[in-house]
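Residue strings, one per chain:
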Amino acid sequence: VTNSSCEGFRLEGFDARPPALSSMDPLLDVGGFGADAGKVARKAGRVMLQRMPAAEMFLHFFDLHQAPDETDRGGTPQLLGPSEAAEL
């Protein structure tokens, strides 16, 4: 059962996933799938996101544990870091 039946919406994808979310492996306890391993992993990841409750979605969306790593040559950030974006 996906989250849409409980909360009315679901998460299909996540651009620029935070490290904590990227490290989650829904197939950790299951063995290899041979030639279909990549396809099965993508489907399992999508189902994991679809079943994620709203509170957990926002925890990952506002994850402030990572430091911005993109800087220009002068050492100033080109993009807002997670904590700076949360202040907006």
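Analysis parameters
- Residues numbered from 1 in each chain as written.
- Predicted model: local features only at pLDDT ≥ 70, side-chain atom pairs only at ≥ 80, totals over all residues.
- Heavy atoms only, no water.
- Helix = DSSP H or I, 4+ residues; strand = E, 2+ residues; numbered from the N terminus.
- Buried < 20%, exposed > 50% of the residue type's maximum accessible area, 1.4 Å probe, protein only.
- Contact = heavy atoms within 4.5 Å.
- Arc of directions from axis to C-beta.

Novice: I'd like to hear about the side chain of histidine 60, residue by residue, with values.
Specialist: When you line up the elements, histidine 60 lands in helix α4 (residues 54-61). Residue histidine 60 is classed as buried on the basis of its relative accessible area of 12%. Setting aside residues up to four positions removed in sequence, histidine 60 forms contacts with Phe14, Pro18, Leu21, Met24 and Met52.

Novice: Can you lay out α4 for me, pointing to particular residues and giving the numbers?
Specialist: Listed in full, the buried residues belonging to α4 are Ala54, Met57 and His60. Each buried residue of α4 sits inside an arc of 125 degrees when the element is viewed along its axis, so together they form one side. Residues of α4 that are exposed and angled more than 90 degrees away from the buried face: Ala55 and Leu59. Summarising the contacts, the buried residues of α4 are in contact with α1 (4-7) and α2 (19-22).

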